[in-house]
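Per-entry structural report
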Amino acid sequence: MSRTQYFVAASLDGFIATAKDDLGWLLQFDGFEGGKESYDTFMADVGCIVMGGETYAWLMEHEPGNWPYPSTPCFVFTRHEHTAPAGSDITFVRGDVREFIQDFRDNAAGRNIWVVGGGNLAAQFADAGLLDELILSVIPVVLGDGKRLLPLERPTPPLELTASRTMGRGIVELRYRLSAGGNGS
């Protein structure tokens, strides 16, 4: 059975981007020891990607003509009209994540679902009890403010730490399982 995973990097103070969606603080760590291995291992088990519209727009702006997930079905939650790059398997959707969870699972075909980018979207999955795992790379930078890791309206139940490891340049990867029923039950 597929798991819904939020694989993300955040600053020490819990932000995934600056308030203006700048990722320069994170991109300076590209190529750190263990990073590519961690990403490649994670991606080998991903069968479907779900992302928010702001993340999609950021990718289109910063990687024009280079869709990084050509062979993986992707659903983009957005209120705006977008076009998909040639050769991509992208479906644009609006609504509650619960309405589409079976579509995500069907497209994942037994592999995992990656909620990529967008703490707000990941929070919707958590609130609905549909987020199974948080895989967090803590980056040794303090931003002070920005886009929060998981902007929930109330605390989660305790998360279960299932693995941790130190990677290059002071980065720590933490794997947490969310408790059964998630935050919204």
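Now for a description of the structure that goes with this document. Predicted, not measured: the structure shown is a model, and the values here were computed from it.

Rules behind the numbers
Residues numbered from 1 in each chain as written. Predicted model: local features only at pLDDT ≥ 70, side-chain atom pairs only at ≥ 80, totals over all residues. Heavy atoms only, no water. Helix = DSSP H or I, 4+ residues; strand = E, 2+ residues; numbered from the N terminus. Buried < 20%, exposed > 50% of the residue type's maximum accessible area, 1.4 Å probe, protein only. Contact = heavy atoms within 4.5 Å. Arc of directions from axis to C-beta. Core = buried A, V, L, I, M, F, W, Y, C linked by side-chain atoms within 4.5 Å. Salt bridge = Lys/Arg side-chain N within 4 Å of Asp/Glu carboxyl O. Pairing = 2+ DSSP bridges. Right-handed = clockwise from strand over helix to strand, strands pointing away.

Before going further, it helps to examine the overall build of the protein. What the protein contains, in helices and strands, is five helices and ten strands. If one aligns the C-alpha atoms of the protein with their principal axes, the spans along those axes are about 40 × 35 × 30 Å. Counting over 185 residues, the protein shows a buried share of 45%. Contacts in the protein between residues at least 24 apart in sequence constitute 74% of all its contacts with a sequence separation of at least 6.

It is worth spelling out helix 2 (residues 35-43) at this point. Those residues of helix 2 that fall on the buried side of the exposure criterion are Gly35, Ser38, Phe42 and Met43. The buried residues of helix 2 occupy an angular sector of 125° when the element is viewed end-on, so they sit on one face. Exposed residues on helix 2 whose side chains face more than 90 degrees from its buried face are Lys36 and Glu37. Looking at the buried positions of helix 2, the neighbouring elements they touch are strand 1 (4-11), strand 3 (46-52), strand 6 (112-116), strand 7 (133-139), strand 9 (160-166) and strand 10 (172-177).

Take the nonpolar core next. Counting 32 residues, the largest nonpolar core has Tyr6, Phe77, Phe104, Phe125 and Leu149 as its most contacted members. Listed by contribution, the elements that provide at least two residues to this core are strand 1, strand 3, strand 4 (74-77), helix 4 (97-108), strand 6, helix 5 (119-127) and strand 7. In this structure phenylalanine 125 touches Thr4, Val50, Val97, Ile101, Phe104, Val115, Leu130 and Leu131, once residues within four positions along its chain are discounted.

Before going further, it helps to examine the pattern of salt bridges. Under the counting rule described, the total for this entry stands at ten salt bridges. Across the pair lysine 36 and aspartate 40 runs a salt bridge whose closest N-O atoms are separated by 2.6 Å. Taken together, the positions of lysine 36 and aspartate 40, both in helix 2 and four residues apart, correspond to about one turn of that helix. Using a relative accessible area of 36% as the deciding quantity, one classes aspartate 40 as partly exposed. What emerges from the salt-bridge pattern is a single network uniting Arg3, Glu133 and Arg175.

For the rest of this paragraph, the subject is the pairing of strand 3. In terms of residue burial, strand 3 counts as a mostly covered element, since seven of its seven residues are buried. Relative to strand 6, strand 3 is paired through five bridges, and the arrangement is parallel. Bridge assignment links isoleucine 49 to a residue of strand 6, and that residue is tryptophan 114. Where strand 3 meets strand 4, four bridges bridge the pair, whose relative direction is parallel. Paired with valine 50 across the bridge in strand 4 is phenylalanine 75. Between the parallel elements strand 3 and strand 4, the chain passes through helix 3 (residues 53-62) in a crossover that is right-handed.

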